[in-house]
Amino acid sequence: MKRAIWVLALVVWLVATPRPGVAHPVPFSYLDVHIGPAGLEMTLTAHIVDLAHELSIEPRLLLDSENARNYAQMMTGLLSERLKITADGAVAPGQWTLSEVLVDRQSVQFRGRVALPAAPGAVDVDASLFPYDPEHQTFVNFYEDGAITEQAILSRDRTSLGYVAGTRQGVITTVHRFIPAGFHHILIGPDHILFLVGLLLLGGPIRRLFTIVTAFTVAHSITLSLAALNIFAPPANIIEPAIALSIVYVGVDNLIGAEGRDVRPWIAFAFGFIHGFGFANVLAEMALPQRVLGWGLFAFNFGVELGQLLVVAIVASVFAALRARGESVSRKLVFAGSIAVAAAGAFWFVQRVFFSGGVS
């Protein structure tokens with residue numbers, strides 16, 4: 001019994017007694033990025049346990065300033081290798097130096113600087129500082145004009161992030177980034193393209209085709225904005241099948257209403273709302289910067305519109321050339337094309353409702 005009491009006392013002592021430089025209660029690093037007119041000023045604070053692990057030394061050695069200076073080159077070399085900063089799309093080589101030892105925090109602080117001719121519009125951070133520890137996180141803070149503007153966390157599951165400055169250069173960067181993104185998305189989105197193709201099958205004067213495309217653009221711009229602003233955004237498992245049904249509807253309407261009143265602008269407008277939510281799902285994955293949200297939405301929409309106009313120009317020209325061969329060819333084009341459009345929409349609907357990995 002007496003021996004058991006002594007063993008219990010020893011265990012309590014081992015648990016309760018602090019051991020400076022060995023305990024690692026918070027596996028975190030902290031990166032502050034200050035964006036200024038001449039580039040970036042950065043501060044990184046790392047725990048001595050993480051640094052010592054990489055140096056294969058005792059953590060408590062780094063609590064002594066002189067010892068820390070002896071290992072400074074190795075530590076700054078480690079930071080340069082595992083922390084990559086990109087400014088406006090170009091890799092920005094950082095110059096890291098040892099700043100000070102923070103004994104009370106059991107950490108070492110470093111300062112970095114990236115000299116640039118002007119304040120960058122976009123800064124991307126890619127960091128995997130201490131991959132040996134799966135729980136390690138790096139807290140990143142961005143500053144402009146001395147005020148914190150955005151916070152993020154990098155971890156094993158997320159090793160990179162992008163930041164867009166709320167400056168004129170940030171706006172320019174956003175526009176340059178999201179116009180091609182919108183243009184690219186409409187061209188690689190088979191469902192959106194097929195919807196437009198279905199609307200163009202019946203032909204008509206250029207002014208009528210322009211009205212159809214404009215109605216589609218206005219509608220999807222409204223719902224895209226609603227979703228991007230977190231005002232209203234239906235789940236993708238509802239929107240994606242609905243987009244497929246819109247394609248079916250266009251094909252069927254061409255077959256049963258080809259000789260009646262042309263309501264294609266109204267069809268484009270009504271279903272444009274649904275397609276807008278589909279665009280929003282893609283935009284959400286691209287992490288639209290909140291600080292220049294309006295410009296990002298405008299640029300993405302503008303890119304989508306450019307892509308639509310390209311599709312309309314090509315498809316309408318091909319269809320016009322086919323119709324020029326005679327009325328019989330024109331009727332066959334509408335019939336065969338509408339069936340193909342409706343069939344593709346029906347296939348996507350079944351795929352998106354009953355199977356995973358549907359086309360989007």
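Residues numbered from 1 in each chain as written. Predicted model: local features only at pLDDT ≥ 70, side-chain atom pairs only at ≥ 80, totals over all residues. Heavy atoms only, no water.

**Quick word on the overall build of the protein chain**
Looking only at helices and strands, the protein chain has 11 helices and 10 strands in total. For the protein chain, the residues scored as buried account for 44% of the 360 residues in total. Considering only residue pairs separated by 6 or more positions, the protein chain has 72% of its internal contacts joining residues 24 or more positions apart. Surface exposure of the protein chain reaches about 18,800 Å², of which carbon and sulfur atoms provide 63%. (Helix = DSSP H or I, 4+ residues; strand = E, 2+ residues; numbered from the N terminus. Buried < 20%, exposed > 50% of the residue type's maximum accessible area, 1.4 Å probe, protein only. Contact = heavy atoms within 4.5 Å. Areas by Shrake-Rupley, 256 points an atom, 1.4 Å probe, with all protein chains shown as cover.)

**Considerations on the packing of helix α2 (residues 48-55) against helix α4 (residues 72-82)**
It is the contact of α2 with α4, at a shortest axis distance of 11 Å, that shows an interaxial angle of 95 degrees. When the axis of α2 is compared with that of α4, the two are roughly perpendicular. When α2 is examined against α4, the residues Leu 51, Glu 54 and Leu 55 are found in contact with a partner set consisting of Met 74, Met 75, Leu 78 and Arg 82. A breakdown of the residues in the contact of α2 with α4 according to their chemical character gives five nonpolar, no polar and two charged. (Axes fitted to C-alpha atoms, helices over the stretch in contact; angles between N-to-C directions. Parallel < 35°, antiparallel > 145°, perpendicular 65-115°, else oblique. Nonpolar A, V, L, I, M, F, W, Y, C, P; charged D, E, K, R; others polar.)

**So, the pattern of salt bridges**
Under the definition given, this model contains six salt bridges. Across the pair Arg 60 and Glu 58 runs a salt bridge whose closest N-O atoms are separated by 3.4 Å. The partly exposed category is assigned to Arg 60, whose relative accessible area is 43%. One salt bridge in this structure joins Glu 327 and Arg 331, with 4.0 Å as the shortest N-O distance. You can see Glu 327 and its partner Arg 331 sitting in helix α11 (residues 327-354), four residues apart, about one turn around the helix. For the pair Glu 327 and Arg 331, one class covers both residues: exposed. (Salt bridge = Lys/Arg side-chain N within 4 Å of Asp/Glu carboxyl O.)

**A closer look at the sheet that holds strand β4 (residues 90-91)**
The strand order across the open sheet built from four strands is β4-β3-β7-β10, with neighbouring strands paired in antiparallel fashion. If you trace the sheet from one side to the other, it starts and ends with β4 and β10 (160-164), each paired once. Pairing analysis gives two bridges linking strand β3 (residues 83-87) to β4, with the strands arranged antiparallel. Across the sheet, the residue bridging to Ala 87 is Ala 90, located in β4. Its contacts with the sheet put α4 on β3 and β7 (122-127), and the angle it makes with β3 is roughly 55 degrees. (Pairing = 2+ DSSP bridges.)

**Overview of a nonpolar patch on the surface**
Among the surface-exposed residues, Leu 187, Ile 188, Leu 310, Ile 314 and Val 318 lie close enough to one another that they form a single nonpolar patch of about 420 Å² accessible area. Listed by contribution, the elements that provide at least two residues to the nonpolar patch are α5 (168-188) and α10 (293-323). For the nonpolar patch, the element with the highest residue contribution is α10, accounting for three residues. In this structure, Leu 187 sits in helix α5. (Patch = residues over 30% accessible without salt bridge, like charges linked within 9 Å, V, L, I, M, F, W, Y side chains within 5 Å.)

**Describing the sheet that holds strand β6 (residues 107-115)**
Read across the sheet, six strands follow the order β5-β6-β2-β1-β8-β9 without closing on themselves; strand pairing throughout is mixed. Strand pairing shows two members of the sheet lacking a second neighbour, β5 (95-102) and β9 (147-154), which therefore form its edges. Geometrically, the sheet is characterised by an average inter-axis angle of 20 degrees between neighbouring strands, direction not taken into account. In this sheet, β9 lies alongside strand β8 (residues 137-144) in antiparallel orientation, the contact comprising seven bridges. Note on β9: the bridge partner recorded for Tyr 143 is Ile 148. α2 rests against β2 (39-47) and β6 of the sheet, and its axis sits at about 85 degrees to β2. Running at roughly 120 degrees to β5, α4 makes contact with β2, β5 and β6 of the sheet.

**Some thoughts on the pairing of β2**
Looking along a regular strand, one sees the side chains alternate between the two faces of the sheet. The buried count for β2 comes to eight of nine residues, which makes it a mostly enclosed element. In this structure, strand β1 (residues 28-36) lies alongside β2, joined through eight bridges in antiparallel fashion. Of the residues in β2, the one forming a bridge with Val 33 is Met 42. Where β1 folds back on β2, the antiparallel hairpin that results is connected by two residues. For β2 and β6, the ladder comprises nine bridges, and the chain directions are antiparallel. Bridging across to β6, His 47 finds its partner in Ser 107.

**What to know about the pairing of β1**
Pairing analysis gives eight bridges linking β1 to β8, with the strands arranged parallel. Considered in β8, the bridge of Ser 29 is made with Thr 138.

**Comments concerning the nonpolar core**
Counting 39 residues, the largest nonpolar core has Leu 31, Leu 62 and Val 125 as the members making the most contacts within it. Excluding residues that lie within four positions of it along the chain, Leu 62 makes contacts with Ile 48, Leu 51, Ala 52, Leu 55, Ile 57, Ala 68, Tyr 71, Met 75, Val 101 and Val 108. In this structure, Ile 193, Leu 199, Leu 201 and Val 311 belong to the second largest nonpolar core, which totals 27 residues. (Core = buried A, V, L, I, M, F, W, Y, C linked by side-chain atoms within 4.5 Å.)

**Structural notes on the packing of aromatic side chains**
Enumeration over the complete set of coordinates arrives at 10 aromatic pairs. When the ring of Phe 28 is compared with that of Phe 139, the centres are 5.1 Å apart and the planes differ by 85 degrees; the resulting orientation is edge-to-face. With Phe 28 in strand β1 and Phe 139 in strand β8, this residue pair connects regions lying 111 residues apart in the sequence. A relative accessible area of 22% places Phe 28 in the partly exposed class. The interplanar angle of 35 degrees and the centroid separation of 5.3 Å between the aromatic rings of Phe 195 and Phe 216 together place this pair among those described as tilted. Of the two residues, Phe 195 is situated in helix α6 (residues 190-200) and Phe 216 in helix α7 (residues 206-228); the sequence distance between them amounts to 21 residues. Through pairs of rings, three or more aromatic residues link up here, namely Phe 195, Phe 216, Tyr 249 and Phe 271. (Phe/Tyr/Trp six-rings, centres within 6.5 Å; stacked < 30°, edge-to-face > 60°.)

As far as function goes, none of this settles anything; it's purely spatial.
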